[in-house]
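# Summary of the model geometry
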Amino acid sequence: MGKKIKKGTKGDAALYITRSTALKKLKLSLKEFRRLCILKGVFPKEPKRKFKGQNKTYFLLKDIRFLAHEKLINKFREINAFQKKINKAKTKTNKYDYKKLKDNKPIYSIQHIIKERYPRFADALNDIDDALSLINLFSILTKHDLHNIKSETVEECRRLNREFMLYLAVSQSVKRGFISIKGIYLNTEIMGVDCTWLVPYAQPQKLPFEVDYEVMLTFLEVYTTLMKFVNLKLFKDIGLEYPPPKEFSDNPFFGYNSIQIKNLQEQVKNRPKENDEIVPIDSEEMKKIQKKSEKTEQIKSLFKNYVFYIGREVPREIFELIISSCGGIFADDSDESAFNEYSSEITHYIVDRPYESINFKSNKEYIQPQWIFDCLNSNKISLLLIIFLFLFYNLN
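Just so you know, these numbers come straight off a predicted model, no measurement behind them. (Residues numbered from 1 in each chain as written. Predicted model: local features only at pLDDT ≥ 70, side-chain atom pairs only at ≥ 80, totals over all residues. Heavy atoms only, no water.)

### Considering empty space enclosed by the protein
This is how the line gets drawn: Both site types are read off a 1 Å grid over the protein atoms alone. A 1.4 Å probe that fits but cannot get out defines a cavity, while an open set with protein on both sides within 12 Å along at least five of seven lines defines a pocket; lining residues have an atom within 4 Å of a point. Grid points are joined across faces, edges and corners, and a volume is the space filled by probe spheres set on the points. In DSSP terms, a helix is any run of H or I states spanning at least four residues, a strand is any run of E spanning at least two, and both are numbered starting from the N terminus. All residues other than Ala, Val, Leu, Ile, Met, Phe, Trp, Tyr, Cys, Pro, Asp, Glu, Lys and Arg, Gly among them, are scored as polar; the first ten of these are nonpolar and the last four charged.
The final tally for this structure, using the stated rule, is two cavities of 30 Å³ or more. Computed from the structure, the largest cavity encloses a volume of approximately 90 Å³. Contributing elements (two or more residues each) for the lining of the largest cavity: α14 (316-325) and β7 (329-331). In terms of residue class, the lining of the largest cavity is made up of six nonpolar, five polar and four charged. When its volume is computed, the second largest cavity comes out at roughly 40 Å³. Along its surface, the second largest cavity is lined by N136, N161, F164, M165, L168, L186, W197, V199 and I318. For the lining of the second largest cavity, the secondary-structure elements that each account for two or more residues are α10 (151-171) and β5 (193-200). Looking at which element gives the most residues to the lining of the second largest cavity, the answer is α10, with four residues. Partitioning the lining of the second largest cavity into residue classes produces seven nonpolar, two polar and no charged.

Structure follows, in structure tokens:
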């Protein structure tokens with residue numbers, strides 16, 4: 001007769017733990033446990049045999065042991081104790097103590113978690129597509145007390161997004177784009193890492209109550225901290241000062257007009273480059289690098305001979321980004337614009353309204369927003385669409 005094996009010391013029972021057991025072990029509430037799991041990147045796992053029942057949520061035991069050493073657990077307990085003092089002062093209507101306690105509420109930082117989860121910069125770049133999509137989503141929302149969406153959170157998302165867009169414009173890194181019913185998809189490649197994200201349309205949002213915004217805000221907390229590190233590194237690589245002037249954070253590209261962005265692009269091109277790994281000239285790898293480099297340079301100079309005026313009905317920031325990334329110059333109806341609507345320098349007008357309301361000017365091209373994306377994706381100027389639009393507007 002073999003030795004009797006003690007229950008829970010072998011198999012799935014020794015590798016997995018239920019969520020309720022994990023809460024007792026860590027002495028956390030369910031809300032705090034979910035928050036900690038998202039911050040640390042720990043998620044439920046499905047064992048082959050659910051030894052505690054089918055309706056249970058399981059985690060790897062080693063992940064729970066990993067969470068037990070996190071210093072944020074003590075910070076959560078400190079915040080909970082402080083919150084009880086705040087609630088006590090509020091119920092006693094002690095306004096002085098309530099304000100004093102609220103102003104001195106403990107805060108925590110997750111910078112050490114970001115460094116732990118992304119030890120290399122390439123690891124951070126692999127996750128910025130989700131980060132940019134969520135940051136772009138919150139940047140168009142408004143303050144909502146019931147969903148705990150603060151105005152500071154929206155402003156921070158808007159600023160981080162504009163910092164990244166300024167980097168893309170100056171480094172001329174936009175590769176492709178696509179207009180969909182959800183929003184506008186953009187694609188770029190940074191240090192060999194391909195990134196695609198969604199920019200939703202800036203329209204009034206009706207926030208449904210079925211969505212768990214606490215979970216989304218926790219993910220947003222991770223992604224905003226991540227994007228601060230990423231933007232700092234990207235700005236440093238092209239020689240720009242970080243952060244950009246905060247007094248201009250309400251303006252697209254932080255108040256830089258297209259002429260100033262063009263000057264910044266020239267500064268980046270003239271910066272001395274670091275010595276890369278030497279690749280033999282006749283190798284297949286070198287031929288691929290040269291072909292890719294030629295295509296990139298072609299995209300960067302796609303609109304170099306054009307000056308665009310963007311109509312007020314067109315999403316301004318996205319088209320300014322694509323035009324400047326492709327070497328063009330843009331103008332609009334803002335105070336920072338390099339040209340006004342009637343300037344003789346303008347070659348193309350981007351319009352998206354009925355032709356009856358357009359005051360056509362001679363020797364000017366009138367194009368729809370889709371034309372910009374068609375040229376970007378095909379890597380050439382689409383003359384056929386210009387001819388079609390010219391005939392359509394003149395025949396009508």
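### Regarding the sheet that holds strand β4 (residues 183-190)
Pairing between sheet strands relies on hydrogen bonds along the backbone, with the strands arranged either parallel or antiparallel. Cut-off, in case you're wondering: A pair of strands is considered paired only if DSSP assigns at least 2 bridges between the two. As a rule, the C-alpha atoms of each element are fitted with a line to give its axis, helices using only the stretch in contact, and angles between N-to-C directions run from 0 to 180 degrees. In this analysis, two residues are considered to be in contact whenever any of their non-hydrogen atoms come within 4.5 Å of each other.
Within the open sheet, the three strands sit side by side as β3-β4-β5. Their pairing is antiparallel. Either end of the sheet is taken by a strand with one partner, and the two such strands are β3 (174-179) and β5. Across the sheet, the axes of successive neighbouring strands diverge by a mean angle of 20 degrees, strand direction being ignored. Sheet analysis places β3 next to β4, joined by five bridges and oriented antiparallel. Residue V174 lies in a different strand from β4, and its bridge partner there is T188. On top of the sheet, helix α9 (residues 128-139) reaches β4 and β5; it is set at about 15 degrees to β5, its chief contact.

### What to know about a positive patch on the surface
The condition that has to hold: For patch building, the residue pool is restricted to those with more than 30% relative accessible area and no salt bridge; the joining distance is 9 Å between like charges and 5 Å between nonpolar side chains (Val, Leu, Ile, Met, Phe, Trp, Tyr). The accessible surface values rely on the Shrake-Rupley method and a 1.4 Å probe; as for residues, cover is taken only from the protein chains in view. Put simply, a salt bridge is a Lys or Arg side-chain nitrogen that is within 4 Å of an Asp or Glu carboxyl oxygen. The charge count includes Lys and Arg as positive and Asp and Glu as negative, but it does not include His or the ends of the chains. To locate a charge, take NZ of a lysine, CZ of an arginine, CG of an aspartate or CD of a glutamate.
A cluster of basic side chains, namely K90, K102, K105 and K150, defines a positive patch on the protein surface. By the element assignment, K90 lies in helix α5 (residues 72-91).

### So, the nonpolar core
Quick reminder of the rule: Throughout, nonpolar core names a set of buried Ala, Val, Leu, Ile, Met, Phe, Trp, Tyr and Cys residues whose side chains join them through atoms within 4.5 Å. Buried means the residue's accessible area, taken with a 1.4 Å probe over protein chains only, is under 20% of the maximum for its type, while exposed means over 50%, and partly exposed covers the values in between.
Grouped together as the largest cluster of nonpolar side chains are 87 residues, with contacts concentrated most on F33, I128, F138, F164, L186, I322 and I372. Tallying contributions element by element places helix α11 (residues 213-238) first for this core, with 12 residues. For I372, the contacting residues outside a window of four places in its chain are F303, F308, F319, I322, I323, I350 and I367. In this structure, I329, A331, F339 and I358 belong to the second largest nonpolar core, which totals 10 residues.

### Considerations on the packing of aromatic side chains
What counts here: In summary, the pairing rule links any two rings of Phe, Tyr or Trp, Trp by its six-membered ring, whose centres are within 6.5 Å, and it sorts them by plane angle into stacked for under 30 degrees, edge-to-face for over 60 and tilted for everything else. Consider the ring centre and the ring normal. A charge sits over the ring if Lys NZ or Arg CZ is within 6 Å of that centre and within 35 degrees of that normal.
Throughout the structure, instances matching the rule amount to 17 aromatic pairs. With centroids separated by 5.3 Å and ring planes inclined at 70 degrees, the aromatic side chains of F235 and Y242 adopt a geometry described as edge-to-face. Members of the aromatic cluster, connected to one another through ring pairs, are F303, Y306, F308 and W371. Here the basic side chain of K233 rests over the ring of F121, its NZ or CZ set 5.9 Å away from the ring centre.

### Some details on the pattern of salt bridges
Throughout the structure, instances matching the rule amount to 16 salt bridges. Linking K40 and E116 is a salt bridge whose minimum nitrogen-to-oxygen distance equals 2.7 Å. Of the two residues, K40 is situated in helix α3 (residues 30-40) and E116 in helix α7 (residues 111-117); the sequence distance between them amounts to 76 residues. With a relative accessible area of 6%, K40 lands in the buried category. Its salt-bridge partner being D237, residue K233 comes within 3.4 Å of it at the nearest N-O pair. Of the two residues, K233 and D237 both sit in helix α11, four residues apart, roughly one turn of that helix. Taking relative accessible area as the criterion, K233 reaches 33% and is therefore assigned partly exposed. Note on D237: relative accessible area 30%, which makes it partly exposed. Through salt bridges with shared partners, a single network forms among R316, E320, D332 and E336.

### Overview of the sheet that holds β7
Taken in spatial order, the four strands make up an open sheet running β7-β6-β8-β9, and their pairing is parallel. Unpaired on one side and paired on the other, β7 and β9 (365-367) mark the two borders of the sheet. The mean inter-strand angle of the sheet, taken between neighbouring strand axes irrespective of direction, is 25 degrees. The pairing of strand β6 (residues 307-310) with β7 spans three bridges and is classified as parallel.

### What about unusual backbone geometry?
For the bond from Y242 to P243, the omega torsion is -5 degrees, close enough to zero to count as cis. Summarising the element assignment, P243 is placed in the loop between α11 and α12 (258-269). Even without glycine at this site, N148 takes up a positive phi of about 60 degrees. With respect to the helices, strands and loops of the structure, N148 is situated in the loop between α9 and α10. With relative accessibility at 36%, the residue N148 sits in the partly exposed group.

### Remarks on the environment of N126
Take N126: it is sitting in the loop between α8 (121-125) and α9. Here the alpha-carbon distance between N126 and V193, two residues 67 residues apart in the chain, equals 6.8 Å.

### Thoughts on the environment of C326
With respect to the element layout, C326 can be found in the loop between α14 and β7. Between the alpha carbons of C326 and N379 there is a distance of 9.9 Å; along the sequence they are 53 residues apart. Filtering out sequence-adjacent residues up to four positions away, C326 remains in contact with Q172, I299, K300, S301, L302, F303, K304 and L376.

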